Amino acid sequence: MNDIFRPHLRDFILVFFDDILVYSRSMEQHIDHLVRTLNLLHEHSLFAKLSKCSFGQPSIGYLGHIVSKEGVMTDPEKLHVMKEWPLPKDLRGLRGFLGLTGYYRRFIQNYAPLTSMLKKGKFVWTDKSKAAFEHLKEAMMSSPVLALPDFTKQFVVETDACDCGVGAVLSQDKHPIAFMSKALTSQARPYSTYDKELLAIVLAVTKWRPARWLAKLLGYDFLIEYKRGPDNTAADALSRLPEQMLTLSVLETDLWGRSTLRRELLLHFHCAPAVGHEGVAKTLHRIKSQFWWKGLRSDVREFVGQCQICQREKYEATKPPGHQHPLPIPTRPWADISMDFIDALPRSEGKEAILVVVDRLTKYGHFAPLPRHYHGPLVADVFQDFVGKLHGMPSTIVCDRDSIFLSSFWREYMRKADTTINFSTAHHPQTDGQSEVVNRTLETYLRCYVGDRPATWVRHLSWAEWAYNTSLHGATAMTPYQALYGIPPPRIPRYEGGTARDEDVDCSLRTREDVLATTLR
């Protein structure tokens, strides 16, 4: 349906599965729109059931709402059904009910007991939960009429923040168009009042302008007007300022310098498992791809220099003595690779070693776990599963004189694959400096995150591979990911608990966020 009507979607047609809404500004225009809609259905051998159709109506029911020139309102026929809503018996039912009321910010404090129940293992029905649920049903039955947006007029976003959440209203001509509310996470609740007020604006811009919120704040001139609340309302950040219109430019204020968001960004881009406690240059490169503030370089240098995990787990890099003789530069990706093993690791899910494979051109790497007593046929199978199926067999392999690589099986296996083995010089590991550096990088990453839990390193190996391949490489001046695929690496979005529609998805993503949060601490 979306493919058929794509040229006219949001022009005069809205589609939800098999429900088609045609809207127009005049009857003459409406007749033309109906003819075009029915012709498209006929061209694709689709038919509308006349008994379920309504034509030329000033108002019409659509998806549980009444749509008219006045705006969008709740269907009165549905109100008596809402009064009979039973109490939810499980988490899935509660999440469904809350999903229907995500826009009513003025009830955020009243619904806090229900929101807290969505957390993992926190579904406990109390008197407060029951009262909040009854209040929720009343809110649904008394929802205001929402106006339809007019993109030729100015939009106004009104925001507010409190200790437990933030909310916003999008309106035109003093008439609401949409509502938005969000409970604060445990990480955001300790924010200062200034940060919470800014967070409400940021979330509103994120909700109604689908792009990176910082780019939107920097790319637009906007006005922030303080509106005084009732006398019994607690003072907020803006109430301490004169009651006047304020013109703010994010680039010209010291707002970032005075907020805790700066430290949150540094923690995320340096300490998260997806980045791996990298040095100043790589951490700076990651932050600059999305953010910038005055004094960024000095802040990153100071933060990395004071990181206790880096000081405790990282090795001291010194330039090796003697002359280096670099290997020939490859001509295409994954034609020339290097291979090495990291042995004698603590047992983790039956694995005690790692096969490290790196493309010598793009510097892209794959890390595969191995059991303690690995052998030639097993390594060949693992290589095919992790590397061969993605990139094919290479032309040359640079490796040390490990017994696996010297075995008759490995030599014959590579000969049949038309692959040449280039062994490094005995007692001179600098012949293949690339493998040695990648090995040290991987070992440092694992020490930073599993130093006190060594039996869990297998779970972090995929994050280690992602962190290595998405970090800036000095030899190519880009990330290995971009060198291989030609595009910057995608970003991993943070998950806010309770936002997924499926309970199993929510549980899985909550577990992932808990692991990441524990790692950051």
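Residues numbered from 1 in each chain as written. Predicted model: local features only at pLDDT ≥ 70, side-chain atom pairs only at ≥ 80, totals over all residues. Heavy atoms only, no water.

Participant: Explain the overall build of the protein here, please?
Facilitator: Each helix and strand counted, the protein has 19 helices and 15 strands in total. Within the protein, contacts between residues at least 6 apart in sequence are counted, and of these 56% link residues at least 24 apart. (Helix = DSSP H or I, 4+ residues; strand = E, 2+ residues; numbered from the N terminus. Contact = heavy atoms within 4.5 Å.)

Participant: Explain unusual backbone geometry to me, please; I cannot follow it from the model alone.
Facilitator: Negative phi values dominate among residues other than glycine, just as trans dominates among peptide bonds. Not every positive phi belongs to a glycine, and His277 is a case in point at roughly 50 degrees. His277 gets classed as buried once you look at its relative accessible area, which sits at 3%. (Buried < 20%, exposed > 50% of the residue type's maximum accessible area, 1.4 Å probe, protein only.)

Participant: Hey, could you run me through the environment of Leu63 in this one?
Facilitator: With respect to the helices, strands and loops of the structure, Leu63 is situated in the loop between strand 3 (59-62) and strand 4 (65-68). Here Leu63 falls in the partly exposed class, since its relative accessible area comes to 44%. In the structure, Leu63 is positioned eleven residues away from Thr74 in sequence and 9.7 Å away in space, judged by C-alpha atoms. If near-sequence neighbours (up to four positions away) are discounted, Leu63 is found in contact with Phe16 and Asp19.

Participant: Just to check I follow, could you spell out the sheet that holds strand 4 for this structure?
Facilitator: Paired through backbone hydrogen bonds, the strands of a sheet run either parallel or antiparallel to each other. An order of 3-4-5 is seen for the three strands of this open sheet, with the pairing classed as antiparallel. Strands with a single pairing partner mark the edges of an open sheet, and in this sheet they are strand 3 and strand 5 (71-74). Going across the sheet, the axis of each strand differs from the next one's by a mean of 25 degrees, ignoring polarity. (Pairing = 2+ DSSP bridges. Axes fitted to C-alpha atoms, helices over the stretch in contact; angles between N-to-C directions.)

Participant: Got a minute to help me understand the environment of Glu313 in this structure?
Facilitator: One can find Glu313 in helix 12 (residues 308-313). Along the chain, Glu313 and Tyr445 lie 132 residues apart, while their C-alpha atoms are 8.6 Å from each other. Contact partners of Glu313, with chain neighbours within four places excluded, come to Thr444, Arg447 and Cys448.

Participant: How should the sheet that holds strand 6 (residues 156-161) be read in this particular structure?
Facilitator: With antiparallel pairing, three strands are arranged side by side in an open sheet as 6-7-8. Of all the strands in the sheet, the pair left with one neighbour each is strand 6 and strand 8 (175-183). Sheet twist, expressed as the mean angle between neighbouring strand axes with direction ignored, is 15 degrees.

Participant: Looking at this structure, I do not really get the packing of helix 10 (residues 280-288) against helix 11 (residues 296-305). What am I missing?
Facilitator: The angle between the axes and the distance between the axes are what describe a pair of packed helices. For the pair helix 10 and helix 11, the least separation of the axes is 10 Å and the interaxial angle reads 135 degrees. In terms of axis orientation, helix 10 runs oblique to helix 11. In this structure, the crossing between helix 10 and helix 11 has a hand that is right-handed. Counting all contacts with helix 10, which are made through Val280, Thr283, Leu284, Ile287 and Lys288, the residues of helix 11 involved are Leu296, Arg297, Val300, Arg301 and Val304. (Parallel < 35°, antiparallel > 145°, perpendicular 65-115°, else oblique. Left-handed = near helix turned anticlockwise from the far one by under 90°.)

Participant: How should the pairing of strand 1 (residues 13-16) be read in this particular structure?
Facilitator: Two faces make up the sheet, and in a regular strand the side chains alternate between them. The alternating pattern of strand 1 places Ile13 and Val15 on a buried face and Leu14 and Phe16 on a face that is not buried. Pairing geometry for strand 1 and strand 2 (residues 19-22), over four bridges, is antiparallel. The residue bridging Ile13 from the neighbouring strand is Val22, located in strand 2. The antiparallel pairing of strand 1 with strand 2 creates a hairpin that spans two residues between the two strands, and Phe17 there sits at a positive phi of about 55 degrees.

All we've got here are geometric facts, nothing functional implied.
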